[in-house]
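Now for the letters of each chain:
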Amino acid sequence: MHTWAPVDVPLVPGEGPPLRLYDTSTGRVRPTAPGREALMYVCGITPYDATHLGHAATYLAFDLVNRLWRDLGHDVHYVQNVTDIDDPLLERAARDQDDWVVLGMRETALFREDMEALRVIPPRHYIGAVEAMGEISELVGKLLASGAAYRVDDAEFPDVYFDSAVTGHFGYESNYDEETMLRFSAERGGDPERPGKRSPLDPLLWRMARDGEPHWESDLGAGRPGWHVECAAIALNRLGPQIDLNGGGSDLIFPHHECGAAHAEAFTGVHPFARHYTHTGMIGLDGEKMSKSRGNLVFVSKLRSEGVDPNAIRIALLAGHYREDRAWTGALLDEANARLARWREAVALTAAPAADDLVTSLRTHLADDLDTPRAIAAVDAWAAQALERRGSDETAPALVRDALDALLGIRL
Ligand SMILES: Nc1ncnc2c1ncn2[C@@H]1O[C@H](COS(=O)(=O)NC(=O)[C@@H](N)CS)[C@@H](O)[C@H]1O
Ligand SMILES: [Zn+2]
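Read on for an overview of the structure. Source: prediction; values computed, not measured.

Distances from the zinc ion (ligand 2) to its protein donors, namely Cys 43 (SG), Cys 231 (SG) and His 256 (NE2), fall within the range 2.0 to 2.2 Å. Around the zinc ion (ligand 2) sit 4 donor atoms, and with donor-metal-donor angles ranging over 101 to 121 degrees the site reads as tetrahedral.

The structure is reproduced here in structure tokens:
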């Protein structure tokens, strides 16, 4: 699947401290320590209801990680999937009498457009589950052959499940207790109540073909993959057995990232699969998480069609900390528009207060678990000074413009 348009990232003189990020599995903010090439897998959309502001907030957070690693001199091998086959997509297509393939393609195209408008740096590999069907079924076959997976005793539908006990670490990524894992498994696409499973938490790897359902031929028999194994296969085959960061929203902590990590580790024997598991808070509207099931969605494309500057959307979503559950409000957008106008006015000056300290502050705050509220406050302070008391440094406006572009993705 083709990715979206590249983004030019200006070079900013100097270097910041190592990027430190909160890691869900250890419950701590820890330094990331990528090699020359940072390896990042961020789960992509299930292509319907794209791109709502919750999606956007999550991809913007990991765009900052991408930008900060580049600012520290790393290449970034960024991989993202598209869950273009799965129950929720089929259900939505059925609800709207839509062809599920057409729905997926249309929504993925809109997502790419919105990511380009938001100037999110594109993943190097953007891979759909359907196009990866061969490698996914191959991984399932290997897990089955190794004894890490098994078929339920169901003559009609001998579906393949993963044995969540095999790695001996199951639960280390989320740190949730059994009761919480069972609840989230049931709420988020799992089938803990399915008879014949070794453990209720064992996730589906391969669903044998049902009448009327799309299916693919494979050595496992005709069927389609479970949700988690697609991300394990796509990540392993492009990034290898251990990556620097596995990212997504907090609703992916369990079962999705727990199971994906367990699949990878059962296959490779390498633990942990990801050195950081990083998750974003939920964007809400009127006190409820913005979600497809609730239908309380605000779309990037709608705001764009109303003439909203994507840079203001970015500022509004980055004004809160990425790990906080936070609300989207009209006031947030108004404040972002005012900021954008003030910042643009300040960098349009021919001279301004020296900005070296500002650049240092930006790097320091962002390296501290993406502390965008403090970073934005530092820009506000510099802009206020520039507009009220002017300044004499003629290189400062251009330096601020480049730093905001490179580090925050905001084009003034
Ligand atoms: N309200 C929200 N706030 C913040 N992030 C959200 C919100 N809703 C969904 N997300 C995040 O947006 C990303 C895409 O969500 S999704 O479209 O449901 N797709 C999936 O979760 C799977 N395709 C991942 S393999 C996920 O990381 C999810 O956690
Ligand atoms: Zn995923």
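After that view, the rundown keeps rolling.
Further remarks concern the site of ligand 1. Neighbouring residues of ligand 1: 24 residues in total, closest Gly 44, Thr 58, Thr 83, Asp 251 and Met 290. Gly 249 places a polar main-chain atom, nitrogen or oxygen, 3.0 Å from an oxygen atom of ligand 1. Between a nitrogen atom of ligand 1 and a main-chain N or O atom of Ile 283, the distance comes to 2.9 Å. The protein chains hide 95% of the 600 Å² of surface that ligand 1 would expose on its own. Broken down by element, the residue count for the shell around ligand 1 peaks at 4 residues, all from helix H1 (residues 53–71). Considered class by class, the residues forming the shell around ligand 1 number 9 nonpolar, 12 polar and 3 charged.

A separate point is helix H10 (residues 330–347). Taking 1.5 Å of rise per residue, the 18 residues of H10 would be expected to cover 26 Å, and the 26 Å separating its terminal C-alpha atoms lies within 8% of that figure. Of all the residues in H10, the buried ones are Leu 333, Ala 336, Arg 339, Leu 340, Trp 343, Ala 346 and Val 347. Angular distribution of buried residues about the axis of H10 spans 145 degrees; they occupy a single face of the element. Among the exposed residues of H10, those oriented more than 90 degrees off its buried face are Ala 331 and Asp 334. Packed against the buried residues of H10 are helix H8 (300–305), helix H9 (310–318), helix H12 (372–389) and helix H13 (396–408).

Here the second largest pocket defines a volume of roughly 170 Å³. Taken together, the residues that form the lining of the second largest pocket break down as 6 nonpolar, 2 polar and 2 charged.

We now examine the packing of aromatic side chains. Aromatic rings in a pair are described by how distant their centres are and how their planes are angled relative to each other. Going through the model one piece at a time under the given rule, you end up with 10 aromatic pairs. For the pair Trp 4 and Phe 111, a centre-to-centre distance of 5.6 Å together with 85 degrees between the ring planes defines the contact as edge-to-face. Here Trp 4 is found in the segment before strand S1 (20–23), whereas its partner Phe 111 is found in helix H3 (residues 100–117), with 107 residues between them in sequence. Each member of the pair, Trp 4 as well as Phe 111, carries the same accessibility label: buried. Of the aromatic side chains, those joined through ring pairs into one cluster are Trp 4, Tyr 59, Phe 111 and Tyr 126. Over the face of the ring belonging to Phe 184 we find Arg 183, whose NZ or CZ atom lies 4.9 Å from the ring centre.

Here we come to the sheet that holds strand S10 (residues 243–249). Taken together, the 5 strands give an open sheet; going across it, the order is S5-S4-S3-S10-S11, and neighbouring strands pair in parallel fashion. The open sheet is flanked by strand S5 (125–128) and strand S11 (274–280), the only strands paired with a single partner. Adjacent strand axes in the sheet meet at a mean angle of 20 degrees when their direction is disregarded. Alignment of S10 against S11, held across 6 bridges, turns out to be parallel.

In this section: the sheet that holds strand S14 (residues 326–327). Sheet architecture is open: 3 strands sit in the order S13-S12-S14, paired in mixed fashion. Lying at the two open borders of the sheet, with one neighbouring strand each, are strand S13 (288–289) and S14. Across 2 bridges, the pairing between strand S12 (residues 283–285) and S13 is antiparallel. Bridging from a neighbouring strand, Gly 284 pairs with Lys 289 of S13.

Right, let's get into the nonpolar core. Judged by nonpolar contacts, the single largest core of 77 residues is most densely connected at Leu 53, Val 65, Leu 317, Trp 328, Trp 343, Leu 362 and Trp 382. The element best represented in this core is H1, accounting for 11 residues. A domain-level breakdown of this core finds at least three residues from each of domain 1 (20–284) and domain 2 (329–408). With sequence-adjacent residues up to four places away left out, Leu 362 is seen in contact with Ala 375, Val 379, Ala 403, Leu 404, Leu 407 and Leu 408. The next biggest cluster of nonpolar side chains, apart from the first, holds 45 residues, and it includes Tyr 48, Ala 132, Val 229 and Leu 252.

Bridge analysis of S1 against strand S2 (residues 28–31) gives 4 bridges, and the strand direction is antiparallel. By the bridge assignment for S2, Arg 20 is matched with Pro 31. Once S1 ends, the chain turns through 4 residues before running back antiparallel as S2, passing Gly 27 with a positive phi of about 70 degrees.

Our next topic: the pairing of strand S4 (residues 75–82). Every regular strand shows the same layout, with side chains that alternate between the two sheet faces. With 7 of 8 residues buried, S4 is to be regarded as a mostly interior element. Pairing between strand S3 (residues 37–42) and S4: 6 bridges, direction parallel. Note on S4: the bridge partner recorded for Val 42 is Gln 80. In this fold, S3 hands off to H1, which returns the chain to S4; that crossover is right-handed. Where S4 and S5 come together, 4 bridges link them in parallel fashion. Bridging from a neighbouring strand, Val 82 pairs with Gly 128 of S5.

Rules and cut-offs
Residues numbered from 1 in each chain as written. Chains lettered and ligands numbered in written order. Predicted model: local features only at pLDDT ≥ 70, side-chain atom pairs only at ≥ 80, totals over all residues. Heavy atoms only, no water. Donors = N, O, S within 2.8 Å, 3.2 Å for Na, K, Ca; no water. Tetrahedral: all angles 85-135°; square planar, octahedral: opposite > 155°, others 65-115°. Near = heavy atom within 4 Å. Polar contact = N/O pair within 3.5 Å; in protein donor to acceptor, adjacent residues only side chain to side chain. Areas by Shrake-Rupley, 256 points an atom, 1.4 Å probe, with all protein chains shown as cover. Helix = DSSP H or I, 4+ residues; strand = E, 2+ residues; numbered from the N terminus. Nonpolar A, V, L, I, M, F, W, Y, C, P; charged D, E, K, R; others polar. Expected span 1.5 Å × (residues − 1). Buried < 20%, exposed > 50% of the residue type's maximum accessible area, 1.4 Å probe, protein only. Arc of directions from axis to C-beta. Contact = heavy atoms within 4.5 Å. 1 Å grid on protein atoms, 1.4 Å probe; cavity = no way out; pocket = protein on both sides within 12 Å on 5 of 7 lines; lining within 4 Å. Points joined across faces, edges and corners; volume = space filled by probe spheres on them. Phe/Tyr/Trp six-rings, centres within 6.5 Å; stacked < 30°, edge-to-face > 60°. Lys NZ or Arg CZ within 6 Å of the ring centre and 35° of its normal. Pairing = 2+ DSSP bridges. Axes fitted to C-alpha atoms, helices over the stretch in contact; angles between N-to-C directions. Core = buried A, V, L, I, M, F, W, Y, C linked by side-chain atoms within 4.5 Å. Domains from an automatic or database assignment. Right-handed = clockwise from strand over helix to strand, strands pointing away.

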